[in-house]
Amino acid sequence: MIPLLASKLILKCLERENVEFVFGYPGGAVLPLYEAFRTSPIKHILVRNEQTAPHYASGYARESGRVGVCLATSGPGATNLVTGIATAYLDSIPIVAITGQVDRALIGTDAFQEADITGATAPFTKHSYLVQNAADIPRIIREAFHIASTGRPGPVLIDIPRDVQLENVKTGLTYDKVDIMGYKPNLNGHSGQIKRAIKKIKEAEKPVIYAGGGVVLGNAQSELLAFAEKNNIPVITSLMGIGAFPEDHPLYCGIVGSHGYKYSNVVMNGADLIINIGARMSNRATSHLTKFEKDTDFVHIDIDPAEIGKNMETSIPIVGDAKTVLSELIQKDTITDHAAWLAEIETIRSENPLVYDADPPCSDLINPKVLFKDMSEMTADNTTVVGDVGLNQIWSALYYRIIKNRRYYTSGGLGTMGYSIPAACGASFATLDKPKEIFIVCGDGSFQMSMGELGVIAEHQLNVNIILITNTKLGMVRQLQFDNYGKGHYSGTDINFDIDFMKLAEAYGIKSYKVDKNADFNKVLPEAIKHQGPTLIQCQVHPDFIRI
Amino acid sequence: MEKKTCLSLLVENNFGVLSRISGLFARRGYNIDSLTVGTTENAELSRITITVTGDDQILTQIKKQLNKLIDVITVIELKPDDSIIRELVFIKVKADDTTRSQIVEIANMFRANIVDVSRESLVIEITGTRYKIEGFFEMVEPYGILEFVRSGDTGLQRGGKILSH
């Protein structure tokens, strides 16, 4: 066997995992890898700051259903990945992060650009590797992709010292079958527990399905639809569960939580059985659910055994994959009819209607809630919307309707500002062969956190449309200040410079529009959609429009 | 209700495994009373014994979170009724010509060993359960304990059962 340079072997291993794109930023400790990129079919996308690279990988993974890959050099390159890796961890997104490391002999000497990145990321990686020996590369890369994409997905980090990349390896692409002693994810639900769950479902008078990100990640939407329809059980989602169930379906009951719909929280509080599928019941989802009856039963289906009983006591735990367990549940004879409960829900719904007006009334500028409602009517059935973090996120999550094949991505768990632009770009790279409508929704705060990535949008002429909601404020924090301390108690939430976003877009050659009336937005949106290449629509919202 | 529990783990002998385990305890706010680690009959595996204090919910979470770590192969709870759990302690006690023989007599009663003697002190090696060691401390305390070091609990299940992968 002809010896192969380890850096080339790394790229060969990535090819074996069907990697198309690596989102990265070069540096000294990954020079051998970049030399190998020159002759590899894998495309390297140069991001403009390592901080965004994991978000590209995350958006790519969510859109394609495959593992996203990001790359950075040692030291500051690696530490810049940390927030993005943590973001992927909290949302269970399968990514592999590769970092360069200083030469093995220099590890631990505080060498130039040395950082203990496996140590720094230990709390937010599903697993990590420090490659000590080039011969291990085929096994480690195989395992990393397997671990990232199976069971409960999540980020895996591979730290590779520069001198390891320069070794000659004779083994070639060995190691096909993954066999990790301590990692055997359980997909099938326990049959005894499934029987008990079925019994509870038959007995329940007011059941609710609470669908989380696990349904979306597990591609279990059609199974959920079949199960809910067969048993006439209403479906509520978490923020991460948006897209688990069509929002125009009669059984759809909205989004729960402190930032959800009021009626959804009321419905959930009234249930006597909650069937939780792939949601972790985080504090943000349950803070408005204080009134659980003592006899409310919880069935919790989750692929991660540690989620069960962590935040909420569970009557019936089922460890397994959402798709598999739902398929098993559908096969059982459970047909139930909850006409009285569904009628009660209709009353709850009409008593707690969605409020589109600003409170207090403040604005003849754009009403963001109406904007997203209108946008729902004017966009294609396979649109992807990537919400950032802040008011823009909640407005788009609550008022843009996810129906048919639409998707909604956001940083739900960690709440990382600056997520939307790079994640939407990642999604755009995943759909280059079949371009579709991809919308970035961000505020003037989150936009400025990642606006360097406009360079990537322009360079690759990505077909993304940026809906930039501007109010020269950090709106959600401002809302918290208003709620906690009262009117006028604003601090550090003014963006005290009126940026000319039109000129900024022009500098990048991005077609841009500025609107301050909903009617005008509705006029320019079809134009922006028709435009080949990136667009930006700046939407002026009144600073005092702080209600979600 | 809080209780002390002894966990026995079989782990892959990989880089960073110990820091992953101790990090898990630190970041989730679990307290480790003691932790011991050593090699096993298989060079690729290590065995770790951890003693923790917490209520049932926390102990269940600890076991589940440990099981989530890729390097962790098996986690079991060593129940006092069907396990052997012991600790090794070295105690340096003040001892002069008048007290030395009394201390040696106490050590003999506890089947402890004298492993070092000087004009002013004795070092005693004692192995046993938490209760035996507490009893021994009580007996030698009046003579003056200069310092001591404890290995932390380590243990095995009784009978033919083994921790396998």
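Remember, predicted model here, so these are calculated numbers, not experimental data. (Residues numbered from 1 in each chain as written. Chains lettered and ligands numbered in written order. Predicted model: local features only at pLDDT ≥ 70, side-chain atom pairs only at ≥ 80, totals over all residues.)

The next point concerns the overall build of chain A. A count of helices and strands for chain A gives 23 helices and 20 strands. Taken over the C-alpha atoms alone, chain A extends approximately 75 × 60 × 45 Å along its principal axes. By the burial criterion, 53% of the 548 residues in chain A qualify as buried. In chain A, of all internal contacts separated by at least 6 residues, the share reaching a separation of at least 24 is 77%. (Helix = DSSP H or I, 4+ residues; strand = E, 2+ residues; numbered from the N terminus. Buried ≥ 20, exposed ≤ 12 C-beta atoms within 10 Å, placed from the backbone. Contact = placed C-beta atoms within 7 Å.)

Time to look at the domain arrangement of chain A. All names here are of chain A. For chain A, the assigned domains read domain 1 (4-169), domain 2 (191-351) and domain 3 (368-540). With centres defined by C-alpha atoms, the gap from domain 2 to domain 3 works out at 30 Å. Contact residues are listed per partner, giving eleven residues for domain 2 and eleven residues for domain 3. Counted by class, the side of domain 2 that touches domain 3 contains six nonpolar, three polar and two charged residues. (Domains from an automatic or database assignment. Nonpolar A, V, L, I, M, F, W, Y, C, P; charged D, E, K, R; others polar.)

All names here are of chain A. Between helix α16 (residues 368-378) and helix α17 (residues 391-399), the shortest axis-to-axis distance is 8 Å and the interhelical angle comes to 45 degrees. With respect to their mutual orientation, α16 and α17 come out oblique. The two elements α16 and α17 cross, and the hand of that crossing is right-handed. Residues P368, K369, F372 and K373 of α16 lie in contact with α17, whose contacting residues are W395, S396 and Y399. When grouped by side-chain class, the residues that make up the contact of α16 with α17 number four nonpolar, one polar and two charged. (Axes fitted to C-alpha atoms, helices over the stretch in contact; angles between N-to-C directions. Parallel < 35°, antiparallel > 145°, perpendicular 65-115°, else oblique. Left-handed = near helix turned anticlockwise from the far one by under 90°.)

This part covers helix α7 (residues 137-149) of chain A. Residues and elements named next belong to chain A. End to end, α7 covers 18 Å across 13 residues, agreeing with the expected 18 Å (1.5 Å per residue, within 8%). Taken as a whole, α7 has its buried residues at I137, P138, I140, I141, E143, A144, F145, I147 and A148. Those residues of α7 that are buried are in contact with α1 (6-16), β5 (95-101), β6 (127-130), β7 (156-161) and β8 (168-169). Phi turns positive, to about 60 degrees, at G151, one or two residues after α7. (Expected span 1.5 Å × (residues − 1).)

Residues and elements named next belong to chain B. What the domain assignment lists for chain B is domain 1 (3-78) and domain 2 (84-154). On a C-alpha basis, the centres of domain 1 and domain 2 stand 29 Å from each other. On the domain 2 side, the residues contacting the seven residues of domain 1 number five residues. Elements supplying a minimum of two residues to the side of domain 1 that touches domain 2: β2 (32-39) and β3 (45-54). Here the side of domain 1 that touches domain 2 gets three residues from one element, more than from any other, and that element is β2.

Residues and elements named next belong to chain A. The parallel open sheet is built from six strands, whose spatial order is β16-β15-β17-β18-β20-β19. Each edge of the open sheet carries a strand with a single partner, namely β16 (407-409) and β19 (511-515). Strand after strand, the sheet turns through a mean of 15 degrees between neighbouring axes, direction not considered. The sheet contact formed by strand β17 (residues 438-443) and strand β18 (residues 464-470) spans six bridges and is parallel. In the strand pairing of β18, F439 is matched with N465. Taken strand by strand, helix α18 (residues 420-430) contacts β15 (384-387), β16, β17 and β18, and its axis lies near 175 degrees from that of β17. (Pairing = 2+ DSSP bridges.)

In this section: the interface of chain A and chain B. Across the contact, 16 residues belong to chain A and 17 residues belong to chain B. Looking at the side of chain A that touches chain B, the elements with two or more residues in it are α6 (117-121) and β6 of chain A. Among the residues forming the side of chain A that touches chain B, the class breakdown is nine nonpolar, six polar and one charged.

What follows deals with the nonpolar core. V69, C70, I95, V96 and I158 of chain A are the most contacted members of the largest nonpolar core, which totals 193 residues. In this structure, V96 of chain A is in contact with V67, V69, A144, F145, A148, V156 and I158 of chain A, ignoring residues within four places of it in sequence. Judged by nonpolar contacts, the second largest core, of twelve residues, contains V93, L122, I124 and F136 of chain B. (Core = buried A, V, L, I, M, F, W, Y, C linked by C-beta atoms within 7 Å.)

Turning our eyes to something else, we now look at α18 of chain A. Among the eleven residues that make up α18 of chain A, eleven are buried, leaving the element largely enclosed by the rest of the structure. Looking at α18 of chain A, one finds that the buried residues are S420, I421, P422, A423, A424, C425, G426, A427, S428, F429 and A430 of chain A.

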